[in-house]
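# Inside the fold
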Amino acid sequence: MTHPFLDLPPLSAERFAAIEDGVARLLGTRQDVLITQGEALLPLEGAIRAAAGPGTVALNVITGPYGQTFGDWLRDAGATVHDLSVPFHTAVTAGQVREAFAEHPEIDFVSLVHAEAATGNTNPVAEIGEAVREQGALFYLDAVASVGAEPVLPDAWGVDLCVIGAQKAMGGPAGVSAISVSERAWARMAANPNAPRRSYLSLLDWKERWTDAGRKALPHAPAQLEMLALQACLERIGSEGLETVMARHRRAARAARAGAVALGGGLQPYVRQERDAAPVATTLRVPSGVVASQVVARALESDPALPLAAGGGALAKEMIRVNHYGRDATPGAVQGCLAALGAALAEQGLTVDPAAARRAAEDAWR
Ligand SMILES: *Cc1c(COP(=O)(O)O)cnc(C)c1O
(Lines give C-alpha, C1' and ligand atoms only; values in the text may rest on other atoms or scores of the structure.)
Protein backbone atom coordinates (compact mmCIF):
# COMPACT_ATOMS: atom_id res chain seq x y z
CA MET A 1 0.00 0.00 0.00
CA THR A 2 1.36 3.44 -0.82
CA HIS A 3 1.92 5.73 2.13
CA PRO A 4 0.70 9.33 1.71
CA PHE A 5 3.89 10.86 3.19
CA LEU A 6 6.49 8.34 2.15
CA ASP A 7 5.70 7.19 -1.35
CA LEU A 8 5.61 10.48 -3.22
CA PRO A 9 6.75 11.22 -6.75
CA PRO A 10 9.80 13.56 -6.81
CA LEU A 11 9.07 17.28 -6.48
CA SER A 12 10.01 18.84 -9.80
CA ALA A 13 12.04 22.02 -10.28
CA GLU A 14 9.05 23.47 -12.06
CA ARG A 15 6.81 22.90 -9.06
CA PHE A 16 9.45 24.26 -6.68
CA ALA A 17 9.69 27.43 -8.81
CA ALA A 18 5.90 27.77 -8.86
CA ILE A 19 5.80 27.64 -5.05
CA GLU A 20 8.51 30.33 -4.95
CA ASP A 21 6.36 32.46 -7.24
CA GLY A 22 3.44 31.92 -4.87
CA VAL A 23 5.51 33.34 -2.01
CA ALA A 24 6.52 36.31 -4.18
CA ARG A 25 2.83 37.00 -4.89
CA LEU A 26 1.99 36.77 -1.20
CA LEU A 27 4.63 39.45 -0.51
CA GLY A 28 3.66 41.48 -3.58
CA THR A 29 7.36 41.62 -4.45
CA ARG A 30 9.29 41.79 -7.72
CA GLN A 31 12.52 40.97 -5.90
CA ASP A 32 14.11 37.55 -6.12
CA VAL A 33 12.47 35.14 -3.70
CA LEU A 34 14.34 32.09 -2.44
CA ILE A 35 12.71 29.30 -0.56
CA THR A 36 15.12 28.08 2.07
CA GLN A 37 15.17 24.47 3.19
CA GLY A 38 14.88 24.91 6.91
CA GLU A 39 13.15 26.80 9.65
CA ALA A 40 13.29 30.63 9.38
CA LEU A 41 16.48 30.83 11.44
CA LEU A 42 18.27 29.55 8.31
CA PRO A 43 17.61 32.57 6.04
CA LEU A 44 17.72 34.93 9.03
CA GLU A 45 21.28 33.83 9.83
CA GLY A 46 22.29 33.30 6.19
CA ALA A 47 21.28 36.83 5.23
CA ILE A 48 23.18 38.48 8.09
CA ARG A 49 26.34 36.49 7.48
CA ALA A 50 26.14 37.27 3.76
CA ALA A 51 25.26 40.96 3.91
CA ALA A 52 27.29 42.05 6.96
CA GLY A 53 31.03 41.91 7.52
CA PRO A 54 33.91 43.79 9.12
CA GLY A 55 33.12 46.96 7.13
CA THR A 56 29.45 47.02 8.14
CA VAL A 57 28.06 49.50 10.63
CA ALA A 58 24.72 48.13 11.80
CA LEU A 59 21.79 49.55 13.67
CA ASN A 60 20.23 46.55 15.41
CA VAL A 61 16.78 47.28 16.76
CA ILE A 62 15.87 45.16 19.77
CA THR A 63 12.17 44.89 20.61
CA GLY A 64 12.24 41.25 21.72
CA PRO A 65 14.44 38.16 21.91
CA TYR A 66 15.12 37.83 18.15
CA GLY A 67 16.76 41.27 17.95
CA GLN A 68 19.25 40.08 20.55
CA THR A 69 20.12 37.07 18.39
CA PHE A 70 20.62 39.25 15.30
CA GLY A 71 23.04 41.47 17.24
CA ASP A 72 25.06 38.39 18.20
CA TRP A 73 25.29 37.25 14.56
CA LEU A 74 26.23 40.76 13.38
CA ARG A 75 29.04 41.03 15.93
CA ASP A 76 30.14 37.53 15.06
CA ALA A 77 30.34 38.59 11.39
CA GLY A 78 32.69 41.41 12.40
CA ALA A 79 30.23 44.28 12.03
CA THR A 80 30.22 47.33 14.29
CA VAL A 81 26.84 47.15 15.99
CA HIS A 82 24.80 49.92 17.56
CA ASP A 83 21.90 48.40 19.48
CA LEU A 84 18.68 50.36 19.78
CA SER A 85 16.72 48.63 22.54
CA VAL A 86 13.20 49.58 23.50
CA PRO A 87 11.20 48.01 26.34
CA PHE A 88 9.41 44.87 25.18
CA HIS A 89 6.03 46.37 26.14
CA THR A 90 6.27 49.00 23.43
CA ALA A 91 7.35 49.46 19.79
CA VAL A 92 10.27 51.33 18.26
CA THR A 93 9.45 54.57 16.40
CA ALA A 94 10.83 55.97 13.14
CA GLY A 95 11.94 58.98 15.22
CA GLN A 96 14.15 56.78 17.41
CA VAL A 97 15.66 55.21 14.29
CA ARG A 98 16.35 58.68 12.82
CA GLU A 99 18.02 59.76 16.07
CA ALA A 100 20.31 56.73 15.87
CA PHE A 101 21.25 57.67 12.29
CA ALA A 102 22.00 61.25 13.39
CA GLU A 103 24.24 59.92 16.14
CA HIS A 104 25.99 57.39 13.89
CA PRO A 105 25.83 58.69 10.29
CA GLU A 106 27.99 55.78 9.09
CA ILE A 107 25.21 53.21 9.70
CA ASP A 108 24.73 51.19 6.49
CA PHE A 109 22.69 48.22 7.72
CA VAL A 110 19.49 48.06 9.77
CA SER A 111 18.04 44.90 11.30
CA LEU A 112 14.51 44.91 12.60
CA VAL A 113 11.86 42.43 13.67
CA HIS A 114 8.42 43.37 12.33
CA ALA A 115 6.11 41.62 14.80
CA GLU A 116 7.36 39.72 17.84
CA ALA A 117 5.25 36.68 18.66
CA ALA A 118 7.37 36.27 21.81
CA THR A 119 6.55 39.69 23.24
CA GLY A 120 3.37 40.61 21.36
CA ASN A 121 4.48 43.93 19.87
CA THR A 122 4.67 45.12 16.27
CA ASN A 123 6.83 47.86 14.77
CA PRO A 124 5.81 50.52 12.20
CA VAL A 125 7.92 49.20 9.33
CA ALA A 126 6.53 51.52 6.62
CA GLU A 127 7.65 54.64 8.53
CA ILE A 128 10.95 53.11 9.59
CA GLY A 129 11.56 52.05 5.99
CA GLU A 130 11.32 55.66 4.86
CA ALA A 131 14.00 56.67 7.36
CA VAL A 132 16.20 53.75 6.31
CA ARG A 133 15.85 54.71 2.63
CA GLU A 134 16.89 58.30 3.39
CA GLN A 135 19.91 56.91 5.23
CA GLY A 136 20.70 54.65 2.26
CA ALA A 137 21.22 51.67 4.55
CA LEU A 138 20.42 48.05 3.71
CA PHE A 139 17.18 47.03 5.42
CA TYR A 140 16.83 43.54 6.90
CA LEU A 141 13.43 42.51 8.26
CA ASP A 142 12.20 39.47 10.18
CA ALA A 143 8.58 39.18 9.09
CA VAL A 144 8.09 35.61 10.33
CA ALA A 145 5.44 36.57 12.88
CA SER A 146 3.75 39.28 10.81
CA VAL A 147 3.22 37.65 7.43
CA GLY A 148 -0.41 36.59 7.18
CA ALA A 149 -1.39 38.60 10.26
CA GLU A 150 -0.71 42.11 8.93
CA PRO A 151 0.57 43.60 5.66
CA VAL A 152 4.17 42.75 4.74
CA LEU A 153 5.24 44.82 1.72
CA PRO A 154 8.98 44.61 1.09
CA ASP A 155 8.92 46.60 -2.17
CA ALA A 156 6.72 49.44 -0.90
CA TRP A 157 8.71 49.68 2.33
CA GLY A 158 12.17 49.40 0.80
CA VAL A 159 13.06 46.16 2.58
CA ASP A 160 16.17 44.58 1.03
CA LEU A 161 16.08 41.28 2.90
CA CYS A 162 12.67 40.11 4.06
CA VAL A 163 12.45 36.76 5.83
CA ILE A 164 9.22 34.85 6.33
CA GLY A 165 8.26 31.50 7.80
CA ALA A 166 4.95 29.75 7.30
CA GLN A 167 4.47 28.46 10.85
CA LYS A 168 2.74 31.42 12.47
CA ALA A 169 -0.12 33.39 10.89
CA MET A 170 0.16 31.53 7.58
CA GLY A 171 -0.84 28.37 9.42
CA GLY A 172 1.74 26.36 7.52
CA PRO A 173 4.84 24.22 8.05
CA ALA A 174 7.82 25.25 10.19
CA GLY A 175 10.53 23.40 8.31
CA VAL A 176 10.73 25.66 5.28
CA SER A 177 11.07 29.43 4.97
CA ALA A 178 11.69 32.13 2.40
CA ILE A 179 13.54 35.38 1.82
CA SER A 180 13.13 38.16 -0.72
CA VAL A 181 16.40 39.76 -1.80
CA SER A 182 16.81 43.15 -3.51
CA GLU A 183 19.42 43.87 -6.19
CA ARG A 184 21.24 46.07 -3.68
CA ALA A 185 21.36 43.24 -1.18
CA TRP A 186 22.76 40.82 -3.79
CA ALA A 187 25.44 43.38 -4.67
CA ARG A 188 26.37 43.77 -0.99
CA MET A 189 26.68 40.01 -0.60
CA ALA A 190 28.71 39.61 -3.78
CA ALA A 191 31.16 42.23 -2.53
CA ASN A 192 31.53 40.54 0.86
CA PRO A 193 34.48 38.11 0.87
CA ASN A 194 33.13 36.56 4.10
CA ALA A 195 29.66 35.80 2.71
CA PRO A 196 29.02 32.06 3.07
CA ARG A 197 29.69 30.13 -0.12
CA ARG A 198 29.60 26.39 -0.72
CA SER A 199 27.67 26.31 2.54
CA TYR A 200 24.20 25.36 3.74
CA LEU A 201 23.84 28.98 4.88
CA SER A 202 24.72 30.39 1.47
CA LEU A 203 22.12 32.49 -0.32
CA LEU A 204 24.67 33.25 -3.06
CA ASP A 205 24.97 29.53 -3.88
CA TRP A 206 21.23 29.38 -4.49
CA LYS A 207 21.31 32.54 -6.57
CA GLU A 208 24.05 31.16 -8.81
CA ARG A 209 22.95 27.55 -9.01
CA TRP A 210 19.20 28.04 -9.04
CA THR A 211 17.85 31.54 -9.73
CA ASP A 212 20.47 32.74 -12.23
CA ALA A 213 20.55 29.31 -13.85
CA GLY A 214 16.90 29.71 -14.86
CA ARG A 215 15.42 27.50 -12.11
CA LYS A 216 15.69 24.42 -14.34
CA ALA A 217 17.37 21.99 -11.94
CA LEU A 218 17.35 21.89 -8.15
CA PRO A 219 20.84 21.95 -6.61
CA HIS A 220 19.78 19.52 -3.85
CA ALA A 221 16.91 17.21 -3.02
CA PRO A 222 14.10 19.47 -1.84
CA ALA A 223 12.39 19.17 1.55
CA GLN A 224 9.49 17.63 -0.24
CA LEU A 225 6.89 17.28 2.50
CA GLU A 226 7.47 20.83 3.69
CA MET A 227 7.27 22.15 0.15
CA LEU A 228 3.95 20.39 -0.40
CA ALA A 229 2.70 21.75 2.92
CA LEU A 230 3.86 25.25 1.94
CA GLN A 231 2.01 24.99 -1.35
CA ALA A 232 -1.15 23.81 0.42
CA CYS A 233 -0.81 26.66 2.89
CA LEU A 234 -0.47 29.25 0.09
CA GLU A 235 -3.51 27.77 -1.63
CA ARG A 236 -5.54 27.86 1.56
CA ILE A 237 -4.64 31.52 2.12
CA GLY A 238 -5.48 32.16 -1.52
CA SER A 239 -8.92 30.63 -1.23
CA GLU A 240 -9.78 32.42 2.01
CA GLY A 241 -8.18 35.64 0.75
CA LEU A 242 -5.15 37.25 2.40
CA GLU A 243 -7.23 40.27 3.49
CA THR A 244 -9.69 37.98 5.27
CA VAL A 245 -6.88 36.03 6.94
CA MET A 246 -5.33 39.27 8.19
CA ALA A 247 -8.70 40.58 9.39
CA ARG A 248 -9.17 37.38 11.39
CA HIS A 249 -5.86 37.98 13.16
CA ARG A 250 -6.63 41.64 13.81
CA ARG A 251 -9.98 40.69 15.32
CA ALA A 252 -8.47 37.92 17.42
CA ALA A 253 -5.95 40.38 18.89
CA ARG A 254 -8.64 42.96 19.63
CA ALA A 255 -10.89 40.33 21.20
CA ALA A 256 -8.09 38.81 23.32
CA ARG A 257 -7.04 42.22 24.59
CA ALA A 258 -10.54 43.47 25.37
CA GLY A 259 -11.52 40.12 26.86
CA ALA A 260 -8.50 39.99 29.15
CA VAL A 261 -9.13 43.50 30.43
CA ALA A 262 -12.79 42.69 31.11
CA LEU A 263 -11.83 39.41 32.79
CA GLY A 264 -10.02 41.28 35.53
CA GLY A 265 -8.11 39.27 38.12
CA GLY A 266 -5.25 41.73 37.71
CA LEU A 267 -4.53 40.59 34.15
CA GLN A 268 -3.16 43.44 31.99
CA PRO A 269 -2.17 43.67 28.33
CA TYR A 270 1.62 43.34 28.31
CA VAL A 271 1.93 45.74 25.36
CA ARG A 272 0.64 48.99 26.80
CA GLN A 273 -0.64 50.79 23.69
CA GLU A 274 -3.07 48.90 21.49
CA ARG A 275 -1.46 50.32 18.32
CA ASP A 276 1.83 48.61 19.32
CA ALA A 277 0.11 45.24 19.85
CA ALA A 278 0.76 42.60 17.20
CA PRO A 279 -2.20 40.97 15.44
CA VAL A 280 -0.37 37.61 15.57
CA ALA A 281 -0.40 37.07 19.36
CA THR A 282 -1.55 38.80 22.53
CA THR A 283 0.68 38.91 25.57
CA LEU A 284 -0.71 39.45 29.06
CA ARG A 285 0.94 40.43 32.32
CA VAL A 286 -0.15 38.56 35.45
CA PRO A 287 -0.55 40.38 38.77
CA SER A 288 2.31 40.17 41.26
CA GLY A 289 2.17 37.07 43.40
CA VAL A 290 0.90 35.00 40.46
CA VAL A 291 3.25 32.87 38.32
CA ALA A 292 2.28 33.01 34.64
CA SER A 293 3.66 29.57 33.77
CA GLN A 294 1.54 28.00 36.55
CA VAL A 295 -1.61 29.72 35.33
CA VAL A 296 -0.90 28.52 31.78
CA ALA A 297 -0.20 24.96 32.95
CA ARG A 298 -3.49 24.90 34.84
CA ALA A 299 -5.42 26.34 31.87
CA LEU A 300 -3.88 23.76 29.54
CA GLU A 301 -4.93 20.96 31.86
CA SER A 302 -8.54 21.90 31.14
CA ASP A 303 -7.88 21.94 27.36
CA PRO A 304 -4.42 21.02 26.02
CA ALA A 305 -5.37 22.28 22.53
CA LEU A 306 -5.66 25.91 23.60
CA PRO A 307 -3.01 28.19 22.01
CA LEU A 308 -1.60 29.33 25.35
CA ALA A 309 2.03 29.57 26.43
CA ALA A 310 4.02 31.29 29.12
CA GLY A 311 6.64 33.84 28.11
CA GLY A 312 10.06 32.46 27.22
CA GLY A 313 13.03 32.50 29.62
CA ALA A 314 12.79 35.17 32.29
CA LEU A 315 9.34 36.19 31.06
CA ALA A 316 7.84 32.82 32.10
CA LYS A 317 6.91 34.23 35.51
CA GLU A 318 5.14 37.36 34.38
CA MET A 319 3.86 36.80 30.82
CA ILE A 320 1.06 34.75 29.30
CA ARG A 321 0.97 34.44 25.52
CA VAL A 322 -2.28 33.89 23.65
CA ASN A 323 -1.02 32.57 20.33
CA HIS A 324 -4.17 33.24 18.30
CA TYR A 325 -2.53 32.68 14.94
CA GLY A 326 -3.13 30.51 11.91
CA ARG A 327 -5.99 28.12 12.60
CA ASP A 328 -6.37 29.64 16.08
CA ALA A 329 -7.27 33.13 14.86
CA THR A 330 -10.90 32.36 15.64
CA PRO A 331 -13.49 33.58 18.18
CA GLY A 332 -13.63 30.07 19.62
CA ALA A 333 -9.90 29.86 20.34
CA VAL A 334 -9.84 33.32 21.94
CA GLN A 335 -12.95 32.63 24.04
CA GLY A 336 -11.54 29.25 25.07
CA CYS A 337 -8.31 30.87 26.26
CA LEU A 338 -10.16 33.56 28.21
CA ALA A 339 -12.43 31.01 29.89
CA ALA A 340 -9.53 28.72 30.85
CA LEU A 341 -7.41 31.62 32.12
CA GLY A 342 -10.37 32.92 34.11
CA ALA A 343 -10.87 29.54 35.78
CA ALA A 344 -7.15 29.20 36.55
CA LEU A 345 -6.99 32.70 38.06
CA ALA A 346 -10.16 32.11 40.11
CA GLU A 347 -8.53 28.98 41.56
CA GLN A 348 -5.75 31.20 42.85
CA GLY A 349 -8.33 33.29 44.70
CA LEU A 350 -8.46 36.17 42.23
CA THR A 351 -11.75 37.85 41.36
CA VAL A 352 -12.62 37.42 37.69
CA ASP A 353 -15.69 38.14 35.57
CA PRO A 354 -15.82 35.48 32.83
CA ALA A 355 -19.19 36.67 31.51
CA ALA A 356 -17.86 40.20 31.03
CA ALA A 357 -14.77 38.79 29.32
CA ARG A 358 -16.94 36.78 26.93
CA ARG A 359 -19.10 39.79 26.05
CA ALA A 360 -16.10 42.12 25.61
CA ALA A 361 -14.36 39.63 23.33
CA GLU A 362 -17.54 39.14 21.31
CA ASP A 363 -18.03 42.88 20.90
CA ALA A 364 -14.39 43.44 19.97
CA TRP A 365 -14.50 40.69 17.37
CA ARG A 366 -17.24 42.53 15.42
C1 LIG B 1 8.53 32.48 15.46
C2 LIG B 1 9.52 33.46 15.04
C3 LIG B 1 10.68 33.07 14.36
C4 LIG B 1 10.97 31.62 14.08
O5 LIG B 1 11.50 31.03 15.18
P6 LIG B 1 11.01 29.70 15.93
O7 LIG B 1 12.06 29.50 16.95
O8 LIG B 1 10.90 28.62 14.93
O9 LIG B 1 9.67 29.96 16.56
C10 LIG B 1 11.54 34.06 13.98
N11 LIG B 1 11.30 35.37 14.23
C12 LIG B 1 10.20 35.77 14.87
C13 LIG B 1 9.99 37.22 15.12
C14 LIG B 1 9.28 34.84 15.30
O15 LIG B 1 8.19 35.24 15.97
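Since this is a predicted model, take the numbers as computed values, not measurements.

## Considerations on the pairing of strand β4 (residues 109-113)
- Counting buried residues along β4, 5 of its 5 residues qualify, which places the element largely inside the surrounding structure.
- Alternating residues of β4 divide into Phe 109, Ser 111 and Val 113 and Val 110 and Leu 112, and every residue in both groups is buried.
- Looking at chain direction, strand β2 (residues 57-62) and β4 are connected through 3 bridges and run parallel. Bridged to Asn 60 within β4 is Ser 111.
- Note: β4 against strand β5 (residues 138-142), 5 bridges, orientation parallel. Looking across to β5, one finds that Val 113 is bridged to Asp 142.

## Side note on the domain arrangement of the protein chain
- Structurally, the protein chain comprises domain 1 (13-239) and domain 2 (242-365).
- On a C-alpha basis, the centroid separation for the pair domain 1 and domain 2 is 29 Å.
- Each partner contributes residues to the interface: domain 1 has 23 residues there, and domain 2 has 21 residues.
- A buried area of about 1900 Å², summed over both sides, lies between domain 1 and domain 2, and 63% of it is on carbon and sulfur atoms.
- By the criterion of area lost to domain 2, the three top residues of domain 1 are His 89, Gly 120 and Ala 149, representing 27% of everything that side buries.

## Some words on the site of the ligand
- Close to the ligand lie Glu 39, Leu 41, Tyr 66, Val 113, Ala 115, Ala 117, Asp 142, Val 144, Ala 145, Gln 167 and Lys 168, which account for all nearby residues.
- Tyr 66 places a polar side-chain atom, nitrogen or oxygen, 2.9 Å from an oxygen atom of the ligand.
- Between Asp 142 and the ligand, the recorded distance is 2.6 Å, taken from a side-chain N or O atom to a nitrogen atom.
- Considering the ligand on its own, with 380 Å² of exposed area, one finds that the protein chains cover 80% of that surface.
- Considering only residue class, the shell around the ligand consists of 7 nonpolar, 1 polar and 3 charged.

## A look at the side chain of Asn 123
- Structurally, the position occupied by Asn 123 is in the loop between β4 and α5 (125-135).
- Judged by its relative accessible area of 3%, Asn 123 is buried.
- There is a polar contact of 3.2 Å between the side chain of Asn 123 and the side chain of Thr 63.
- Among the polar contacts listed, one links the side chain of Asn 123 to the backbone nitrogen of Val 92, at a separation of 2.9 Å.

## What about the pattern of salt bridges?
- Tallying each qualifying case throughout the model produces 17 salt bridges.
- Measuring nitrogen to oxygen at the nearest pair gives 3.7 Å for the salt bridge that ties Asp 108 to Arg 188. One end of the pair, Asp 108, is in the loop between α4 (94-103) and β4; the other, Arg 188, is in helix α7 (residues 183-190), with 80 residues separating them in the sequence.
- We classify Arg 188 as partly exposed; its relative accessible area is 21%.

## Brief notes about the nonpolar core
- Judged by nonpolar contacts, the single largest core of 79 residues is most densely connected at Leu 161 and Met 170.
- Sorting elements by how many residues they give to this core places helix α1 (residues 13-26) first, with 7 residues.

## Considerations on the UniProt feature "domain: Aminotransferase class V" (unreviewed entry) in the protein chain
- The sites that carry the UniProt feature "domain: Aminotransferase class V" (unreviewed entry) are, in the present numbering, residues 74-274.
- Here residues 74-274 is 42% helix and 14% strand, with 31 Å between the C-alpha atoms at its ends.

## Points about α4
- Those residues of α4 that sit buried are Ala 94, Val 97, Ala 100 and Phe 101. End-on, the buried residues of α4 take up no more than an arc of 120°, which puts them together on one face. Of the exposed residues in α4, those oriented more than 90 degrees away from the buried face are Glu 99, Ala 102 and Glu 103.

## Structural notes on the environment of Trp 186
- Within the secondary structure, Trp 186 is located in helix α7.
- Classification of Trp 186 as buried rests on a relative accessible area of 3%.
- Distance from Trp 186 to Leu 204, taken between C-alpha atoms, is 7.8 Å for residues 18 residues apart in sequence.
- Leave out the neighbours within four places in its chain, and Trp 186 touches Asp 32, Leu 34, Val 181, Leu 203, Leu 204 and Lys 207.

## Quick notes on helix α8 (residues 203-211)
- Along α8, 7 of the 9 residues are buried, which leaves the element largely enclosed by surrounding structure.
- Buried residues of α8: Leu 203, Leu 204, Asp 205, Trp 206, Lys 207, Trp 210 and Thr 211, and no others.
- Contacts from the buried residues of α8 go to α1, β1 (32-36), α2 (41-51), β7 (177-181) and α7.
- Measuring from the side-chain oxygen of the N-cap residue of α8 to the backbone nitrogen of Leu 204 gives 3.3 Å; that N-cap residue is Ser 202.

Here is what the cut-offs are and how they apply
Residues numbered from 1 in each chain as written. Predicted model: local features only at pLDDT ≥ 70, side-chain atom pairs only at ≥ 80, totals over all residues. Heavy atoms only, no water. Buried < 20%, exposed > 50% of the residue type's maximum accessible area, 1.4 Å probe, protein only. Helix = DSSP H or I, 4+ residues; strand = E, 2+ residues; numbered from the N terminus. Pairing = 2+ DSSP bridges. Domains from an automatic or database assignment. Contact = heavy atoms within 4.5 Å. Buried area = accessible area lost by both parts, 1.4 Å probe. Near = heavy atom within 4 Å. Polar contact = N/O pair within 3.5 Å; in protein donor to acceptor, adjacent residues only side chain to side chain. Areas by Shrake-Rupley, 256 points an atom, 1.4 Å probe, with all protein chains shown as cover. Nonpolar A, V, L, I, M, F, W, Y, C, P; charged D, E, K, R; others polar. Salt bridge = Lys/Arg side-chain N within 4 Å of Asp/Glu carboxyl O. Core = buried A, V, L, I, M, F, W, Y, C linked by side-chain atoms within 4.5 Å. UniProt positions renumbered as here; feature names shortened; annotations may be inferred. Arc of directions from axis to C-beta.

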